[in-house]
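Descriptive structure summary
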Amino acid sequence: MQNIAVIGAGTMGNGIAHIFAQKGFNVTLCDLSPEALEKALQTISRNLDRQLAKARLSAREKTETLSRLRCSASLQESVREAALVVEAATEDAPTKLDIFRMLDREAPPAAILATNTSSISITRIAAATRRPGKVVGMHFMNPVPVMELVEVIRGYHTSGETVAAVTALARDLGKTPCLINDYPGFAANRILMPMINEAIFALHEGVGDVEAIDTVMRLGMSHPMGPLQLADFIGLDVCLSILQVLAAGLGGSKYAPCPLLVNMVTAGCLGIKSGEGFYTYTPGSKERKVSTRFIHPL
């Protein structure tokens, strides 16, 4: 399984392409936007430079990694010789279904079609193809080059051979695969998103301010970052989308998105990607400060 195609050059897509290329696979990164592809290559190069500075790889390994990576705006060309396709497009069910219909037509019959979806049903996605046994969830965590976990999600018809192949592949990437069954939100987001949503409710209802809520979870629960900062990092639009999937699939008020989250996404305050969420962010740096919208005079 040497030839890999990654569909979508955003944050997750470029991270997935990076780790496959670094581990010796030939990777084609596909996106309709030339600007997105150029930005993805720049991001991968910067992340390799960070690894180089920390002596986690050599200059030669960086060069070899980049040499294994090519970009294409053509889905047909990208998947023609792929043994594995990993879809990492926007977290939108109709978009993913359209992509999988195209992948089913254009990818080799033996190719495994994986999706990096964080919440959408694998069974539903597989039903858009004529090869449901070869459709599987391969949910990487962000940032992909750093985070160890990969959720391997088995749809209703996903074959044991497909699961075994993707599990072994995740280990080849230096990741720890966890086999999860196909239920809304899978395991990671079914647990994580209600916590983030509750933190937003706590802010919305005045239980504490942004810094207090995040500090309680960092220092009191040993989380590497607070839930509001994490929501900004994930993207508030992505958090909202996942909560909507959970609410529709599982019911119950505990999955209903906080009105504050809905308003922020509607207003275009999406976190790091837009420059403002619960915090504001300085482009090109790690500097952040609490958004003035959440600072109230005493």
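As annotated in an unreviewed UniProt entry, the protein is 3-hydroxybutyryl-CoA dehydrogenase from Compostibacter hankyongensis. Its UniProt record gives the protein the following Sequence similarities (unreviewed entry) comment, quoted word for word: "Belongs to the 3-hydroxyacyl-CoA dehydrogenase family."

1. Comments concerning the pattern of salt bridges
This model, assessed by the stated rule, comprises 11 salt bridges. Where Lys 96 meets Glu 91, a salt bridge forms, and the shortest distance between an N and an O atom there is 3.8 Å. Of the two residues examined, Lys 96 and Glu 91, each falls in the buried class. Its salt-bridge partner being Glu 276, residue Arg 293 comes within 2.5 Å of it at the nearest N-O pair. Taken together, the positions of Arg 293 in the segment after strand S10 (288-290) and Glu 276 in the loop between helix H12 (259-266) and strand S9 (279-281) put the pair 17 residues apart, joining distant regions of the chain. Via salt bridges that share partners, Arg 60, Glu 64 and Arg 68 belong to a single interconnected network.

2. With respect to the UniProt feature "domain: 3-hydroxyacyl-CoA dehydrogenase NAD binding" (unreviewed entry) in the protein
In the numbering used here, UniProt assigns the feature "domain: 3-hydroxyacyl-CoA dehydrogenase NAD binding" (unreviewed entry) to residues 3-182. As annotated, residues 3-182 comprises 43% helix and 22% strand, and the C-alpha atoms at either end are separated by 27 Å.

3. Things to note about the side chain of Glu 91
Relative to the helices and strands, Glu 91 is located in the loop between strand S4 (84-87) and helix H5 (93-106). Polar side-chain contacts of Glu 91 include one of 2.8 Å to the side chain of Thr 117. A polar contact is formed between the side chain of Glu 91 and the backbone nitrogen of Ser 118, at a distance of 3.1 Å. Once residues lying within four places of it in the same chain are set aside, the contact partners of Glu 91 are Lys 96, Thr 117, Ser 118, Ser 119, Ile 120 and Ser 241.

4. A word on the sheet that holds strand S2 (residues 26-30)
On the basis of which strands lie adjacent, the open sheet formed by 8 strands has the order S3-S2-S1-S4-S5-S6-S7-S8 and mixed pairing. Each of the sheet's edge strands pairs with one partner strand only, and the pair in question is strand S3 (69-72) and strand S8 (176-181). Along the sheet, successive strands turn relative to each other by an average axial angle of 25°, direction set aside. Pairing geometry for strand S7 (residues 149-154) and S8, over 6 bridges, is parallel. The residue bridging Leu 149 from the neighbouring strand is Thr 176, located in S8. Relative to S3, helix H2 (residues 34-53) is tilted by about 165°, and along the sheet it contacts S2 and S3.

Here is what the cut-offs are and how they apply
- Residues numbered from 1 in each chain as written.
- Predicted model: local features only at pLDDT ≥ 70, side-chain atom pairs only at ≥ 80, totals over all residues.
- Heavy atoms only, no water.
- UniProt positions renumbered as here; feature names shortened; annotations may be inferred.
- Salt bridge = Lys/Arg side-chain N within 4 Å of Asp/Glu carboxyl O.
- Buried < 20%, exposed > 50% of the residue type's maximum accessible area, 1.4 Å probe, protein only.
- Helix = DSSP H or I, 4+ residues; strand = E, 2+ residues; numbered from the N terminus.
- Polar contact = N/O pair within 3.5 Å; in protein donor to acceptor, adjacent residues only side chain to side chain.
- Contact = heavy atoms within 4.5 Å.
- Pairing = 2+ DSSP bridges.
- Axes fitted to C-alpha atoms, helices over the stretch in contact; angles between N-to-C directions.

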